[in-house]
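Tertiary structure, described
Chain by chain, the residues:
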Amino acid sequence: MCSSSSSLLLLWTLVGLDVVEVSGSHPGIPLSVVKLWASAFGGEIKSISAKYSGSQLLQKDLWAITAPRPGTNSSSEPGSPDPPCTEKYKEPEKSVRVEEIDGVKLVKNLALKLEEVFWKKAEATRRLVEAAEEAHHQHEDNPDLQYEYFNAVLINEVDEEGNNVELGGEFLLEPNDHFNNLSVNLSLSVVQVPTNMYNKDPDIVNGVYWSEALNKVFVDNFERDSTLIWQYFGSAKGFFRQYPGVKNRKWYIQAATSPKDVVILIDVSGSMKGLRLTIARQTVSSILDTLGDDDFFNVIAYNQEIHYVEPCLNGTLVRADRTNKDHFREHLKKLFAKGIGLLGVALAEAFTILNEVRIFPYLIGRESAFADNLKWMACANKGYFSQISTLADVQENVMRYLHVMSRPKVIDHEHDTVWTEAYVDSALSQAHKLKDKSGPSLMTTVAMPVFSTKNETKNQGILLGVAGTDIPLQELMKLIPKHMLGIHGYAFAITNNGYILMHPDLRPLYQDGKKRRKPNYSSVDLSEVEWEDKDDILRNAMVKRRTGTFSMEVKKTVDGGRRVLKMHNDYFYTDIKGTPFSVGVALSRGHGKYFFRGNVSVEAGLRDLEQPDVALADEWTYCNTEEQHEHRHLTQIQAIKMFMTGRRTHLKCDRELIQEVLFDAVVTAPLDAYWTGLALNKSENSDKGVEIAFLGTRTGLSRTNLFVPADQLSNQDFLTAEEKEGVFNADHFPLWYKRAAEQVPGAFVYSIPFSTALENKSVVLASTAIQLLDDRKSPIVAAVGIQMKLEFFQRKFWTACRQCTALDGKCGISCDSADINCYLIDNNAFILVTEEPSQTGLFFGEVEGAVMNKLLQMGSFKRITLYDYQALCREYAGSSDSARSLSNPFTVFKWLLTELVIFLLEFNLYSWWNVDLSAKAQRPRSKTHMVPCDTEYPAFVSERTIKETTGNIDCEGCVRSFVIQQIPSSNLFMVVVDNKCDCSSYPPVTMDPIEIILKYQKDRKKPESCHPFHPEENAMECGSASRLSSPLAAALLPLVASTISR
């Protein structure tokens, strides 16, 4: 389908553009003059960029250090300081050593580090489980027990008279930066009770009473491992205890039961008309919500015949991911009641799909004529019978089947450890209100079941609840040795279902401090970001938890997807023991495969590291200052100094990384004096066109120098790190660094940040890479650059375009003439300079469609097809298009999914009763809304081997000529276009995406632990014909008619 769409688009474009080949350039645009302009501008802007960035000084000093003859002096730019003294380097002839990175060793070491972190969190959870089971074992239920506890909703609440409300009380809360600056109590936990349950129900009070014993363990866990965040216990009685804040998640269901295959049978005979069918639909929906990614299911409607709800899936099971479950919900709406119900036919069909089964009948309505028969069916098949009379009964009764499914695990006393996929911390909505700039935190949760260990209840398999703790993925990312992965390298991890746990291309859910309706993190598959792997070779190997390597050509998008870098990646992967996760690293070939070690004295390194213009990457870990409370106030530079001078030997630091960052500090130190000298020279930069000089190194070290006061900067985004892609991050190098590394050595890459082009505060960034050796495959040591005023940059361009070689000074062509249009574009065809200011920053094809098409046809630029599987598409509310995904259960339409998932992630587990109203309330009131979708879109890249091109286009009988000339030592091109012909009738070339449908079922690996049945189960605990009164295990959603599971 994709290739067909692309072919049609290409055909339409070529038909709409009648291109005529004409040799030579138009007489009105002499190639020699354009070449002169390009040369003049290139020389001028290269001189400015090199001078103010200090690139030549740094490059020469570095080559002097790596020269084979120690003591050889290197020349430097006039007026620049002397090169660093060789005393700073230990054995200068051996001060630098280049090594090829061992990807296999790298990924195995990373897996061991991750395994250690996961083990520590699992042990903390295990201690909670042991304490909970012991506390319950020692407790005897007392129906008359009176006990005051801290209710999470009521703490610190007062009545009209100013007195604390019941179950409220004074509860000390203090802001804590470890918990996103939320106000928490580190000494006590609080309890949350579902809104439809009585706070003083005897079961609740008894459970809260004995679970108070967990407070000591919560605190002890946090003291042992201060990187812990939320810890909690979710009781099967319905309450939820959390330390120190308010959180709950779907991990309860995952930890309580084993993976299961489920067939749901729903009666659609004539007797089900009206409210009964409504209740049945809601019951099915509620059961679907108890299923997770490790479960498989199908839904069969029956009367006198059977009807698979999704006809395309007869006789099979599909994974219970959110897309599939929402797809089936849509089909449930189409069911209508007629005919007679023949349950036997439906059961026979279900038995052909499943082997060993449990049967869970749900009787809809108040009549009880069939109750005894249905209960017998449940008891005979180790299931449970429930009768549902009203919509209010749905939730509680559906949850009963989970208790039954957990019996074998409870009797076996198997504390299986469950790990969730990535999700967003619900506390972030509050953190954003507090203007926390740290951004949203992705989490994974480790959870374990808690059982009753009392002998008298052993064969009943009583599940007391589930204990769990969170792990911020940011903590895991700190373990990644970013300096060893190179500029474009990265680490990533996935679950046993192929979903991403961490990956640099996992899109943020929040942008500009506002929630965006993106697909849920847990549903983003590895194949959706590593989409070049068409056969899922890498993904499937990691899902199967293998160790190995893989290589492929990739197209990595940068700058918000507008630009693309083509490279060849080598992947190395292995499993993380004790978890369902696998981890991989990607290394780009060329300079990304090499690493070098520098060798300087600690004294010199620390001295230069403490210079005021030096900063280290915020999200890189040089020293672990989080592990011990007394270290949390330390900056990374302070911690490095204490560690290297032996003052804090128990600090955990990366000595290898620190040694390299000290080397970088020494090598780049001369730039500080050099930049200062330029800033103090009043004759330099008199018009303040150059505003900032900056540097970044492979170890995350950066230096910044202002040539104008901060309040006079045209744009301060570079200093405030507003644009996250422009700074060192846990998973990527800055954009200006990455783009510079892919340029020809010595060349500068120029660009206008897209975030500024639309806000009338435009600047131009110029950067170049600094190599260790004079070799194309040499490791990149650093990148340096400058920020210029756009007006200053453009003025230099127009000045160069006024030059001519005519002896009389009268040139036959000028950019000031109305007969030609002059543009300066970059290697991705974005406009930096044009006579029309409103066109600055636009894609050249939108302005000059005919010329861009000609450039593509001639090979000066190439069109590259890209895919975005985390995109947003605009859709009209109520549009017939909203049903387009229903034709296939594996399509990408996820509107209902997103509404539900975001709500669940941001509120607690027991608020799910209100999801329908809340989801509706969140729908946009406008006629359109944004829905998750998959898209295909083009990017454009210049052909490096083509330096200059001339062309002519027939515009309805008028020949229009143009000349394109590369600007030396840059990524820029000058384009001069004849303006005598009107070619506006030809269509523009755009980067607009088109929606595609490519979703299909993926392989996954079931968890190894499974507990389907147990011979000691008490099968007589299988329900009652009257409404049962035991409290629910957890709160989910609506319901169904008959469930069979293995």
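Whatever comes next refers back to the structure up there.
Right, let's walk through the structure included here.

About the cut-offs
Residues numbered from 1 in each chain as written. Predicted model: local features only at pLDDT ≥ 70, side-chain atom pairs only at ≥ 80, totals over all residues. Heavy atoms only, no water. Disulfide = S-S within 2.5 Å. Helix = DSSP H or I, 4+ residues; strand = E, 2+ residues; numbered from the N terminus. Buried < 20%, exposed > 50% of the residue type's maximum accessible area, 1.4 Å probe, protein only. Pairing = 2+ DSSP bridges. Axes fitted to C-alpha atoms, helices over the stretch in contact; angles between N-to-C directions. Contact = heavy atoms within 4.5 Å. Parallel < 35°, antiparallel > 145°, perpendicular 65-115°, else oblique. Nonpolar A, V, L, I, M, F, W, Y, C, P; charged D, E, K, R; others polar.

What the rule picks out here adds up to four disulfides. One disulfide in the model links C623 with C653; its S-S distance is 2.0 Å. Its S-S torsion of approximately 110 degrees makes the covalent link between C623 and C653 right-handed. Of this pair, C623 sits in strand β26 (residues 623-624) while C653 sits in strand β27 (residues 652-653), and the two are 30 residues apart along the sequence. Under the relative-accessibility criterion, C623 is labelled buried at 1%.

Across the sheet, six strands lie side by side as β25-β29-β28-β32-β31-β30; this open sheet has antiparallel pairing. Of all strands in the sheet, those bounded by a partner on one side alone are β25 (614-616) and β30 (749-751). Sheet twist, expressed as the average angle between the axes of neighbouring strands with direction ignored, equals 20 degrees. Examined bridge by bridge, β25 and strand β29 (residues 701-706) share three bridges and lie antiparallel to one another. Each residue of the ladder has a partner; that of V614, found in β29, is R703. Helix α24 (residues 790-800) contacts β28 (690-697), β30, β31 (763-771) and β32 (780-789) of the sheet and is inclined by roughly 90 degrees relative to β32.

Our next topic: the environment of E627. With respect to the helices and strands, the residue E627 is situated in the loop between β26 and α19 (636-644). Remark: the alpha-carbon pair of E627 and E223, spanning 404 residues in sequence, is separated by 9.6 Å. Other than its neighbours up to four places away in sequence, E627 contacts K120, S226, T227 and K652.

Across the eight residues that make up β28, a large majority, eight, are buried. Note that β28 and β32 share seven bridges and pair antiparallel. Directly across from F694, in β32, lies its bridge partner G785. Note: β28 against β29, five bridges, orientation antiparallel. If you follow I692 over to β29, its bridge partner there is L706.

Bringing the environment of F728 into the picture now. Looking at where F728 falls in the secondary structure, it is placed in the loop between α21 (717-720) and α22 (735-741). Along the backbone, F728 and L616 are 112 residues apart, and their C-alpha atoms lie at a distance of 8.7 Å.

It is worth spelling out the sheet that holds strand β33 (residues 820-826) at this point. Strand order across the open sheet formed by five strands is β34-β33-β39-β38-β37, with antiparallel pairing between neighbours. This sheet does not close on itself; its edge strands, each paired only once, are β34 (831-834) and β37 (948-955). On average, each strand axis in the sheet is tilted by 20 degrees relative to the strand beside it, whichever way the strands run. Relative to β34, β33 runs antiparallel, the two sharing three bridges. Its bridge partner lying in β34, Y823 is registered against T834. Along the sheet face, α24 touches β33, β34 and β39 (972-978) and points at about 60 degrees away from the line of β34. Packing against the sheet, helix α26 (residues 849-858) makes contact with β37, β38 (958-966) and β39, and its axis sits at approximately 125 degrees to β37.

Relative orientation of the contacting elements α19 and helix α20 (residues 655-680) amounts to 105 degrees, with a least axis distance of 12 Å. Relative to α20, the element α19 lies roughly perpendicular. Residue-level contacts link I640, F643 and M644 of α19 to R655, I658, Q659, V661 and L662 of α20. Each residue belonging to the contact of α19 with α20 can be placed in one class, and the counts come to six nonpolar, one polar and one charged.

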